[in-house]
Amino acid sequence: MSAVLKLDQFNLLDDGNCDARIVAAKQVLGSRLAILGHHYQRDEVFKHADYSGDSLKLSQQAARSDAEFIVFCGVHFMAEVADILTFGQRTVILPDLAAGCSMADMANLVKVRKCWDELSQVIDPDQSVTPVTYINSAADLKAFCGSHGGIVCTSSNARAVLEWSFARREKVLFFPDQHLGRNTGIRMGIPMDQMVTWDFMKPRGGLTEQQIRDAKIILWKGFCSVHQMFQPAHIDNFRKANPDGKVISHPENAMEVCDKSNFVGSTEYILRTVRASEPGTHWLVGTELNLVNRLSDEMKPKGVTVQFMSPTVCMCSTMFRTDPQHLAWVLDNLVAGQTVNQIRVPQNIADPARKALDLMLEVVD
């Protein structure tokens, strides 16, 4: 077994050299290796993925895979889910441990426990509140939900999960993304005055006792830094220039953006919908830049125009941290018999987190 190869020497390599190393390492490792590439990943890395998709789809692929090594080109919470769903029986690797999620970071366990304690001063949350965490969250928050009769959701199944939750308790605490919760609630017919926002920087979330008692959904004041860049004015300007154009947005966008869109759905939904469109269709797409650019290139030969919603460049900066240099580094270490950047969720967190994930999979099965 060789010594661990240092990242510093790979940071000096150009992308072409890294590509050659990645291809060579994949050939050596063969079926022992599976590389997962999230839709938002940069092209230089995405092209090496054996499987592509959103976070849950990729984690499920990891669970189905017989590969010994799962290299997840995504962000931290995604690799955690892959480790949880594989019962720790695969070696899950995140090429850059600094690839996190700013939205996920807005709700940590300390803040959520404090919220739960403050809610208990007004109501009995364990009797009346179902905690629901978006899959874009840390493993310990999924475990919190699993320990309190709660569940996980994705952008594609949030409505089904909320319906399941309301069948059990009268209220939902939804974190960390307020926009997915609000947009889902609106489409379920829940009045705006029954959806309140919990500001974790303020005592008792900045809410009155009456607001807490009257609320159906308590929305955590979190958001995606990419999707907050999209504005209703972007859609208005597009429609002036393209009266017959269609607008499709991710539900992490603000309510005002989703309300002006023709279609709202997850990344997989966006891909399916645009790919099924007729030649001559012009789309404005409100989600991450790398996905939109790839979709645009794919649809051009079919006579479909795909346009990014924002006039300014906005991509997932943490996803962008995974580059060819990091990918080559982890793969060359595997070839040398060394494992770096393994993600391992402790058993006391993995078990209740898996419970919340399994509940979600049962609800949407």
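Here the structure is a predicted model, which is why all the values come from computation and not from measurement.

**Looking at helix α16 (residues 289-299)**
Part 1 of the reasoning: For α16, a buried count of 8 out of 11 residues is recorded, marking the element as mostly surrounded by other parts of the structure.
Part 2 of the reasoning: Two or three places before N290, at the opening of α16, E288 has a side-chain oxygen 2.7 Å from that residue's backbone nitrogen.

**Some details on the packing of helix α5 (residues 76-85) against helix α18 (residues 347-364)**
Part 1 of the reasoning: In contact at an axis separation of 10 Å, α5 and α18 are set at 95° when each is read in the N-to-C sense. Between α5 and α18, the interaxial angle falls into the category roughly perpendicular. Counting all contacts with α5, which are made through V81, I84 and L85, the residues of α18 involved are A350, A353, R354 and L357.
Part 2 of the reasoning: For the contact of α5 with α18, the residue count by class is 6 nonpolar, no polar and 1 charged.

**What about the packing of helix α4 (residues 55-64) against α5?**
Part 1 of the reasoning: At a closest axis distance of 8 Å, the pairing of α4 and α5 adopts a crossing angle of 35°. The chirality of how α4 crosses α5 is right-handed. On α5, the residues touching S55, L56, S59, Q60, A62 and A63 of α4 are F77, M78, V81, A82 and L85.
Part 2 of the reasoning: When the residues that make up the contact of α4 with α5 are grouped by side-chain class, the tally is 8 nonpolar, 3 polar and no charged.

**Concerning the nonpolar core**
Part 1 of the reasoning: Core analysis: the largest hydrophobic core is formed by 99 residues, its most contacted members being F174, F175, W198 and I217.
Part 2 of the reasoning: Ranked by residue count, the leading element in this core is α5, at 7 residues.

**What to know about the side chain of S155**
Part 1 of the reasoning: By the secondary structure assignment, S155 is in the loop between β6 (151-153) and α10 (158-166).
Part 2 of the reasoning: Ignoring any residue separated from it by four or fewer positions in sequence, one finds S155 in contact with Y134, L180, H250, P251 and S266.

**Regarding the pairing of strand β13 (residues 305-308)**
Part 1 of the reasoning: Burial along β13 is one-sided: the face carrying V306 and F308 is buried and the face carrying T305 and Q307 is not.
Part 2 of the reasoning: The parallel pair strand β12 (residues 282-286) and β13, bridged by α16, forms a crossover whose chirality is right-handed.

**So, the pattern of salt bridges**
Part 1 of the reasoning: Counted by the stated rule, this structure contains 18 salt bridges.
Part 2 of the reasoning: In this structure, K202 engages D199 in a salt bridge whose closest nitrogen and oxygen atoms are separated by 3.9 Å.
Part 3 of the reasoning: Owing to a relative accessible area of 45%, K202 belongs among the partly exposed residues under this scheme.
Part 4 of the reasoning: By relative accessible area, D199 is classed as buried at 11%.
Part 5 of the reasoning: R204 serves as the salt-bridge partner of E209, at 3.6 Å between the closest nitrogen and oxygen.
Part 6 of the reasoning: You can call E209 partly exposed: its relative accessible area is 34%.
Part 7 of the reasoning: For R204, a relative accessible area of 26% puts it in the partly exposed group.
Part 8 of the reasoning: Three or more residues joined by partner-sharing salt bridges are found here, namely D199, K202 and K221.

**Description of the layout of surface pockets**
Part 1 of the reasoning: Within this model, the largest pocket holds a volume of roughly 510 Å³.
Part 2 of the reasoning: Every residue lining the largest pocket is counted, 37 residues in all, and those nearest its centre are H38, Y40, Y134, N136 and E252.
Part 3 of the reasoning: Here the lining of the largest pocket gets 4 residues from one element, more than from any other, and that element is α4.
Part 4 of the reasoning: Taken together, the residues of the lining of the largest pocket break down into 15 nonpolar, 16 polar and 6 charged.
Part 5 of the reasoning: Considered as a void within the structure, the second largest pocket measures approximately 220 Å³ in volume.
Part 6 of the reasoning: Lining the second largest pocket are 13 residues, and of these S155, T184, R187, P251 and V264 lie nearest its centre.
Part 7 of the reasoning: When contributions to the lining of the second largest pocket are tallied by element, the ones reaching two or more residues are α10 and α11 (178-187).

**Quick word on unusual backbone geometry**
Part 1 of the reasoning: Residue P176 follows F175 across a cis peptide bond; omega there is 0°.
Part 2 of the reasoning: Note that P176 resides in the loop between β7 (171-175) and α11.
Part 3 of the reasoning: Positive phi, normally seen in glycine, also occurs at R204, with a value near 50°.
Part 4 of the reasoning: Among the secondary structure elements, R204 is positioned in the loop between β8 (195-198) and α12 (209-214).

**Examining the sheet that holds β7**
Part 1 of the reasoning: Strands sit in the order β6-β5-β7-β9-β8 across an open sheet of 5 strands; the sheet is parallel. Edge positions in the open sheet fall to β6 and β8, since each of these has one partner strand only. For this sheet, the mean angle separating the axes of adjacent strands, direction not counted, is 25°.
Part 2 of the reasoning: With 3 bridges joining them, strand β5 (residues 129-134) and β6 adopt parallel strand pairing. Note that in β6 the partner of V132 across the bridge is I151.

**Considering the sheet that holds β12**
Part 1 of the reasoning: Taken together, the 4 strands give an open sheet; going across it, the order is β11-β10-β12-β13, and neighbouring strands pair in parallel fashion. Each edge of the open sheet is held by one strand with a lone partner, namely β11 (263-264) and β13.
Part 2 of the reasoning: Sheet analysis places strand β10 (residues 246-249) next to β12, joined by 4 bridges and oriented parallel. Directly across from K246, in β12, lies its bridge partner W283.
Part 3 of the reasoning: Contacts between helix α13 (residues 232-241) and the sheet are confined to β10, β12 and β13, with β12 contributing the most and set at about 175° to the helix.

Calculation criteria
- Residues numbered from 1 in each chain as written.
- Predicted model: local features only at pLDDT ≥ 70, side-chain atom pairs only at ≥ 80, totals over all residues.
- Heavy atoms only, no water.
- Buried < 20%, exposed > 50% of the residue type's maximum accessible area, 1.4 Å probe, protein only.
- Helix = DSSP H or I, 4+ residues; strand = E, 2+ residues; numbered from the N terminus.
- Polar contact = N/O pair within 3.5 Å; in protein donor to acceptor, adjacent residues only side chain to side chain.
- Axes fitted to C-alpha atoms, helices over the stretch in contact; angles between N-to-C directions.
- Parallel < 35°, antiparallel > 145°, perpendicular 65-115°, else oblique.
- Contact = heavy atoms within 4.5 Å.
- Nonpolar A, V, L, I, M, F, W, Y, C, P; charged D, E, K, R; others polar.
- Left-handed = near helix turned anticlockwise from the far one by under 90°.
- Core = buried A, V, L, I, M, F, W, Y, C linked by side-chain atoms within 4.5 Å.
- Right-handed = clockwise from strand over helix to strand, strands pointing away.
- Salt bridge = Lys/Arg side-chain N within 4 Å of Asp/Glu carboxyl O.
- 1 Å grid on protein atoms, 1.4 Å probe; cavity = no way out; pocket = protein on both sides within 12 Å on 5 of 7 lines; lining within 4 Å.
- Points joined across faces, edges and corners; volume = space filled by probe spheres on them.
- Pairing = 2+ DSSP bridges.

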